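Here is how the chains run, residue by residue.
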Amino acid sequence: MIQRDAHTVSLWQDHAGGYNSINKADPEKTYDVIIAGGGITGITTAFLLQNAGRNCLVVEAANLGYGTTGGTTAHLNTLLDVPYDIIQKNFGKEGARQVREAAAEAIQLIKHHIDRFDIRCGFEYADAYMFAQTDREAGALKDITEATLMAGADVSGVDKVPLPLAAKKAIKVIGQAKFNPLPYIQRLATAFEHMGGTILQQSRVTAVQDDETILVITTRGSFHCRQFVYATHVPPGVNLLHLRCVPYRSYVVAATLADNNYPEDLSYDMQQPFHYYRTQMVEGQRYLIVGGEDHKTGHQENTETCFRKLEAHVRELFNVEDIRYRWSAQYYEPADGIPYIGRLPGQTGEIYVATGFSGNGMVYGTVSALLLKRLLLGLHSDYIKLFDPSRIKPVAGFNTFVPHNADVVKQLASRLFPAEKLEQLAGLAPGEGKLVNYEGSKIALYKDEQGGLHAVDPVCTHLGCEVHWNQAERSWDCPCHGARYSVDGQVLNTPAGKGLDPHDIK
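Residues numbered from 1 in each chain as written. Predicted model: local features only at pLDDT ≥ 70, side-chain atom pairs only at ≥ 80, totals over all residues. Heavy atoms only, no water.

What am I meant to see in the overall build of the protein chain here?
Each helix and strand in the protein chain was counted, giving 9 helices and 24 strands. For the protein chain, with 506 residues in total, the buried portion stands at 58%. (Helix = DSSP H or I, 4+ residues; strand = E, 2+ residues; numbered from the N terminus. Buried < 20%, exposed > 50% of the residue type's maximum accessible area, 1.4 Å probe, protein only.)

Here it is as structure tokens:
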């Protein structure tokens, strides 16, 4: 089974085998491009560059599909999570039009690859529905509709949505799609290696040094390249982008229905937090896939509650036979509504990044690959300025940027003052994790189902915030910039580049 970055397993991961690399990484050669990250962003970028004549190496910390690509709900949409009225407000009508065009181009590229390599990944075109259930939501949907039309989407008002509920107002956007992401990236990875590319799995990038050539230091050796790309969801280390991206977790269930009345197409409500719905056939079985209950990473005391609320919502609407899968995934909300794709801020050399995909990772990951290819090959693109990671939009990003980073400061400050005395070791149940005071030290402690204790330092190695326990995923999550760790302190999500220090319990 494919390795994953969560305690739960997604529908895609459960049906995917591991990927066996074909070619061996060579520490003696200088690669044209090294890409960190083996999700849809990294693999598509590597394929496009290798296909254009560049010699590329992909370095993946675990295995392909380990992270968000394995945890996505795989909506391929131009009807984006950040609506076009907000994008238009922040980037103007032309900027909103360019974002929609970039998303449409990404969907076309995915379909092109599927046709070219005959990838059996359940790709289907679909319509997307957004609907309002209250007067307030109906007013907001009116603004979204107008801006989406101006951005160039094919939008129409409809009376019904493909869900068993009534809507006050609803719209339909055509030209959307859905698929199973893991067979897609694995087949693309094979094509990349057959063209001479190399994939190194189980190898985390620990440092990047920019000199005459770029030295990439990993847990499995060091490699040289002329250009380097962070396709790692969010770049590790400390960077301006960490203050411009807010980490969130989203929850998903995949269910079978007793009446076989599976909804077609893609649907999105406008609740807070909102829900998203679709159906996918996987190995002859249909699944209803519903996501929602999003919250800032590390800010939910009982993450199991998110799954319970989501499951109750699904059972209220549908005749559920069985909840087969439940999982969560992480994404990053950009301060001004669209991704950061281009040169990594603060770097003088050819080091690039793609991050801040909101909840549209499959589309924006492919947008990133298309743009990074053009950037690294020195080609023109109308999108370079739009997605530039160094852009400064203080008005556009203010409502997200200031509250989030005020919270970060609060988290950091809490490390400087004595915390309220916490429950002692005796209060820890099997399968539970807590921050506890033990022999005068504050530690992150987990008791496994067999009663074994796993103790680590609770200080996030990224910027020193204190991690919080995530019961649903059995992980330690940082509420500042979204780094996540296993019960033994291993890094699950960047931007941390180093695990939590272990403690010995006598």
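Structure shown, so let's carry the discussion forward.
Is there a simple way to think about the pattern of salt bridges in this case?
Pairs can form between side chains of opposite charge once their charged atoms are near each other. Within the structure shown, the criterion is met by 13 salt bridges. Taking the shortest distance from any N to any O, the salt bridge between Asp115 and Lys111 comes out at 2.8 Å. Taken together, the positions of Asp115 and Lys111, both in helix α4 (residues 84-117) and 4 residues apart, correspond to about one turn of that helix. Between Glu146 and Lys142 there is a salt bridge, with its nearest N and O atoms 2.8 Å apart. Of the two residues, Glu146 and Lys142 both sit in helix α5 (residues 135-150), 4 residues apart, roughly one turn of that helix. (Salt bridge = Lys/Arg side-chain N within 4 Å of Asp/Glu carboxyl O.)

Even after reading the chapter, I still don't get the nonpolar core, so can you show me in this structure?
General note: in soluble globular proteins, nonpolar side chains tend to be found buried as a group. Membership of the largest hydrophobic core comes to 90 residues, with the highest contact counts inside it found for Leu76, Ile87, Val99, Phe179, Tyr184 and Phe387. The element best represented in this core is α4, accounting for 13 residues. In contact with Phe179, not counting residues within four places along its chain, are Trp12, Ile40, Ala74, Leu76, Ile110, Cys121, Gly122, Phe123, Tyr184, Arg278, Gln280 and Met362. Counting residues in hydrophobic clusters, the runner-up holds 23 residues, among them Val205, Ile214, Ala335 and Ile351. (Core = buried A, V, L, I, M, F, W, Y, C linked by side-chain atoms within 4.5 Å. Contact = heavy atoms within 4.5 Å.)

Mind showing me how you'd approach the side chain of Asn470 here?
Following the sequence through the fold, Asn470 ends up in strand β21 (residues 468-470). The exposure class of Asn470 is buried, given its relative accessible area of 1%. Of note is the side chain of Asn470, whose polar atom sits 3.1 Å from the backbone nitrogen of Glu473. Excluding anything up to four places from it in sequence, Asn470 contacts Arg249, Thr303, Ser475, Asp477 and Arg484. (Polar contact = N/O pair within 3.5 Å; in protein donor to acceptor, adjacent residues only side chain to side chain.)

Just to check I follow, could you spell out helix α6 (residues 181-194) for this structure?
For an α-helix the count is 3.6 residues per turn, leaving residues at separations of three or four pointing the same way. Over its 14 residues, α6 runs 20 Å from end to end, which matches the ideal 20 Å to within 8%, given 1.5 Å per residue. Those residues of α6 that sit buried are Pro181, Leu182, Tyr184, Ile185, Gln186, Leu188, Ala189, Ala191, Phe192 and Glu193. N-capping of α6 is provided by Asn180, with a side-chain oxygen placed 3.3 Å from the backbone N of Leu182. Count one or two residues on from α6 and you reach Gly196, which has phi positive near 110°. (Expected span 1.5 Å × (residues − 1).)

Explain the packing of aromatic side chains to me, please; I cannot follow it from the model alone.
How two aromatic rings sit relative to each other is set out by the distance from centre to centre and by the angle between their planes. Scanning the entire structure with this criterion turns up 12 aromatic pairs. With a centroid separation of 5.9 Å and 65° between ring planes, the pair formed by Tyr287 and Tyr325 is classed as edge-to-face. Separated by 38 residues along the polypeptide, Tyr287 in strand β14 (residues 285-296) and Tyr325 in strand β15 (residues 320-334) bring together distant segments of the chain. The two residues Tyr287 and Tyr325 agree in class, both being buried. Three or more aromatic residues joined by ring pairs make a cluster, and in this case those are Tyr446, Trp469 and Trp476. (Phe/Tyr/Trp six-rings, centres within 6.5 Å; stacked < 30°, edge-to-face > 60°.)

Any chance you could explain the environment of Asp382 here in plain terms?
Positionally, Asp382 belongs in the loop between α8 (361-376) and α9 (394-413). Relative accessible area serves as the criterion here: at 51%, Asp382 is assigned to the exposed category. The spacing of Asp382 and Ala102 is 280 residues in sequence and 9.9 Å in space, taken between C-alpha atoms. Within the local environment of Asp382, its side chain forms a polar contact with the side chain of His380, the two groups lying 2.9 Å apart.

Where do I start with the side chain of Arg278 in this structure?
Inspection of the secondary structure puts Arg278 in strand β13 (residues 276-282). One buried charged residue, Arg278, forms no salt bridge at all, with the nearest opposite charge on Glu124 at 7.0 Å. Polar contacts involving the side chain of Arg278 include one to the side chain of Gln280, which spans 2.5 Å. Ignoring sequence-local partners within four residues, the contact set of Arg278 consists of Trp12, Thr73, Ala74, His75, Lys178, Phe179, Asp265, Leu266, Tyr287, Leu288 and Ile289. (Lys, Arg positive; Asp, Glu negative; His and termini not counted.)

Help me understand the sheet that holds strand β22 (residues 475-477), please; the structure alone is not making it clear to me.
Within a sheet, each strand pairs with its neighbour through backbone hydrogen bonds, oriented either parallel or antiparallel. With respect to topology, 4 strands assemble into an open sheet ordered β21-β22-β23-β24, the strand pairing being antiparallel. Each of the sheet's edge strands pairs with one partner strand only, and the pair in question is β21 and β24 (491-493). Judged from the 3 bridges that link them, β21 and β22 form a sheet pairing that is antiparallel. Opposite His468, over in β22, you have Asp477 as the bridge partner. (Pairing = 2+ DSSP bridges.)

Where do I start with the state of the cysteines in this structure?
Inspection of every chain in the model, using the stated rule, returns 1 disulfide. In this model, Cys465 is linked to Cys480 through a disulfide, with the two sulfur atoms separated by 1.9 Å. Here Cys465 and Cys480 share a disulfide; its torsion about the S-S bond, -100°, makes the bridge left-handed. Separated by 15 residues along the polypeptide, Cys465 in the loop between β20 (453-456) and β21 and Cys480 in the loop between β22 and β23 (484-485) bring together distant segments of the chain. Both residues of the pair, Cys465 and Cys480, belong to the buried class. Cysteine Cys56 shares no disulfide, and the gap to the nearest cysteine sulfur, in Cys225, comes to 9.8 Å. (Disulfide = S-S within 2.5 Å.)

What exactly am I supposed to notice about α4 here?
Taking 1.5 Å as the rise per residue, α4 with 34 residues should run 50 Å; its terminal C-alpha atoms sit only 33 Å apart, a clear shortfall. The largest bend along α4 measures about 125° and falls at Phe91. At the C-terminal side of α4, Asp118 shows a positive phi close to 50°. (Bend = angle between axes of the 7 residues up to and from the residue.)

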